[in-house]
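# Architecture and fold: a report
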Amino acid sequence: MLIRLFNKIYSFILSNKILKYGFYTALILYPICFYVLIKNNQLVFGESINLMIPIYIIVFIEIIHHLKILSTKISDNLKYITKIYFIIELLLVIIKPANIYDQYSLNNIFISYQQSGSNFYYTRKPFKEYHLKNQEFNFVRKINSIGIPEIEIENIEPKNNIRILCLGDSFTEGDGTDQDSTYVRYLDRSLRKKSPNIEVINAGRCGSDPFFDFKLYHDLLIKYQPDIIIQSFTTNDLFFDMVMRGGNERFQKDKTIKYYNNYWWTPIYAVSFTSRILIQAFGGYDKYLIRQKDYPQLVDKMKEESAQLFKEYYEFTKENHADLIVFTLPFKEHFKIKENKEFNKEMGNNFSKFGLQFYDLQPCYEEEIKANQTTFKDYYWKIDGHHNAKGYEMMAKCLEKIVTPIIEKRIK
């Protein structure tokens, strides 16, 4: 029945002169538009390309049949199979099964396939404006000359100032709120009330992780001579980002990025929901393209490498007369299931071996929520899961309690 419906719609389009030319014009323009949007970070692999590929295959079969390269029988059979493929893809687009449709994994797997250039530091294109948007919100970000969501940093050598550099992922960049309502901006405004000589810089980037952050600080942002570094490190970083990407081996000598799960067939996985089902079912991969049997060993490996990373991070900040604050924050599910407690305890023990404290913001969150007579749901977007403006304000309050003693020590 669905095949018949497809045939009727397809035949109707080709039988109407205006629709026919519109159809073929769209086929010509689509790859160009898609390429431009991808290059400008305005689009990721997803639903549109999943549905367009079988259409291109059908048109291609019709062309080679018209050229008498294929017989009618073979052509009809191939088109029939492709139509079934299109219908399956369409149904999967509508249903959106969680194991194959996860926007986080789409963004971090497919866009990352052989990254190069500025992405070596996981920054955005300089002087660009872009949107952090989904079904719940749409917020604009403006990027400065070094690719971070900040105004221009003019004074490279601050005099009598305390410069605080904030590094991390989407919770640092402030996904889910306006650019002036991130935790960084709340912290900046609050600290400036105490001293106008304090400056807080937002170098966060959605999807980043501590390996990218340290590389960015070490190579590019060190020239701004920050006095205090605030670095996030969450369960998401360890159990997903780092496991997918690997550690320092991701940084290639030719300034490209190669992740642990960079397979030759990754583009096929990117453009077909059907292929994802087959690859997961028969290849033993999860939605992050990690073999399930390899996952425990990879987690153990990244625990060791993250400890080594932060040891190097800590030593580098000390050499440059800076203080390093590493913290973790709770996602909204952590208020129900305490799966992050073991992570916090283990990372805290690992860091203490070389003298670095690991701060957990959850106790502070719980105190704030209790004092305000609210619930954790009031501080997070319902579907997206990031903080709203109220959540980022709470995050800033908790971090201010940690950073204030360090600032006072430096002022003395």
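I will try to describe carefully the structure that is included in this document. (Residues numbered from 1 in each chain as written. Predicted model: local features only at pLDDT ≥ 70, side-chain atom pairs only at ≥ 80, totals over all residues. Heavy atoms only, no water.)

Right, let's talk about the overall build of the protein for a bit. Secondary structure assignment for the protein yields 15 helices and seven strands. Judged by the C-alpha coordinates and their principal axes, the protein covers about 85 × 50 × 45 Å. The buried share among the 412 residues of the protein stands at 51%. Contacts in the protein between residues far apart in sequence, at least 24 positions, make up 74% of those at least 6 positions apart. Taken as a whole, the protein presents about 21100 Å² of accessible surface, with 58% of it coming from carbon and sulfur. Seen as two clouds, the 54 positive and the 48 negative side-chain charges of the protein have centres 6 Å apart. (Helix = DSSP H or I, 4+ residues; strand = E, 2+ residues; numbered from the N terminus. Buried < 20%, exposed > 50% of the residue type's maximum accessible area, 1.4 Å probe, protein only. Contact = heavy atoms within 4.5 Å. Areas by Shrake-Rupley, 256 points an atom, 1.4 Å probe, with all protein chains shown as cover. Lys, Arg positive; Asp, Glu negative; His and termini not counted. Charge placed at Lys NZ, Arg CZ, Asp CG, Glu CD.)

Our next topic: the state of the cysteines. On inspection of all chains with the given rule, the structure shows one disulfide. Put simply, C364 and C398 are joined by a disulfide, and their sulfur atoms are 2.1 Å apart. Its S-S torsion of approximately -90 degrees makes the covalent link between C364 and C398 left-handed. With C364 in helix 14 (residues 362-371) and C398 in helix 15 (residues 389-411), the pair connects residues that are 34 residues apart, well separated along the chain. Across this residue pair, the class does not change: C364 and C398 are buried. With no disulfide of its own, C206 has C166 as its nearest cysteine by sulfur position, at a separation of 15 Å. (Disulfide = S-S within 2.5 Å.)

Attention now goes to a nonpolar patch on the surface. Where nonpolar side chains cluster on the molecular surface, the patch consists of M1, L2, L5, I9, L90, L91, I94 and I95 and spans about 820 Å² of accessible area. Broken down by secondary-structure element, the contributors of at least two residues to the nonpolar patch are helix 1 (2-15) and helix 4 (72-95). Sort the elements by how many residues they give to the nonpolar patch and helix 4 lands first, with four residues. Tracing the backbone through its elements, the reader meets L91 in helix 4. For L91, a relative accessible area of 40% translates into the label partly exposed. (Patch = residues over 30% accessible without salt bridge, like charges linked within 9 Å, V, L, I, M, F, W, Y side chains within 5 Å. Salt bridge = Lys/Arg side-chain N within 4 Å of Asp/Glu carboxyl O.)

What follows covers the sheet that holds strand 5 (residues 228-232). Pairing is parallel in the open sheet, where five strands are placed in the order 4-3-5-6-7. Strands with a single pairing partner mark the edges of an open sheet, and in this sheet they are strand 4 (198-202) and strand 7 (358-360). Across the sheet, the mean angle from the axis of one strand to that of its neighbour is 25 degrees, orientation sign disregarded. (Pairing = 2+ DSSP bridges. Axes fitted to C-alpha atoms, helices over the stretch in contact; angles between N-to-C directions.)

Both the distance between ring centres and the angle between the ring planes are used here to describe each pair of aromatic rings. Applying the stated criterion across every chain, the model contains 36 aromatic pairs. Seen from their ring centres, Y10 and F23 are 6.0 Å apart, and the 85 degrees between their planes marks the pair as edge-to-face. Linking Y10 in helix 1 with F23 in helix 2 (residues 17-39), this pair joins segments that are 13 residues apart in sequence. Overall, Y10 belongs to the buried group, its relative accessible area being 10%. Ring plane angle 80 degrees and centroid distance 6.3 Å describe the contact between Y183 and F327, whose orientation is recorded as edge-to-face. Residue Y183 is located in helix 7 (residues 183-194), and its partner F327 is located in strand 6 (residues 323-328); the two are separated by 144 residues in the primary sequence. Of the residues examined, Y183 reaches a relative accessible area of 0% and is grouped as buried. (Phe/Tyr/Trp six-rings, centres within 6.5 Å; stacked < 30°, edge-to-face > 60°.)

Taking every second residue as pointing to the same face, the buried face of strand 1 (residues 129-133) carries Y130 and L132, while none of E129, H131 and K133 on the other face is buried. Direction of pairing for strand 1 relative to strand 2 (residues 138-142): antiparallel, over a ladder of five bridges. The residue of strand 2 that forms the bridge with Y130 is R141. In this antiparallel pair of consecutive strands, strand 1 and strand 2, the connection spans four residues.

Under the counting rule described, the total for this entry stands at 16 salt bridges. Between R410 and D323 there is a salt bridge whose closest N-O contact spans 2.9 Å. Remark: D323 occurs in strand 6 and R410 occurs in helix 15; sequence separation between them is 87 residues. The exposure class of R410 is partly exposed, given its relative accessible area of 31%. With a relative accessible area of 29%, D323 lands in the partly exposed category. One continuous salt-bridge network, built from bridges that share partners, spans E150, R185, D188 and R192.

This part takes up the packing of helix 8 (residues 210-219) against helix 12 (residues 295-319). It is the contact of helix 8 with helix 12, at a shortest axis distance of 11 Å, that shows an interaxial angle of 20 degrees. The orientation of helix 8 relative to helix 12 falls into the category roughly parallel. Here helix 8 runs over helix 12; the crossing is left-handed. Seen from helix 8, the contacting residues are P210, F211, F214, Y217 and H218; seen from helix 12, they are M302, E305, S306, L309, F310, E312, Y313, F316 and T317. The class makeup of the residues in the contact of helix 8 with helix 12 is nine nonpolar, three polar and two charged. (Parallel < 35°, antiparallel > 145°, perpendicular 65-115°, else oblique. Left-handed = near helix turned anticlockwise from the far one by under 90°. Nonpolar A, V, L, I, M, F, W, Y, C, P; charged D, E, K, R; others polar.)

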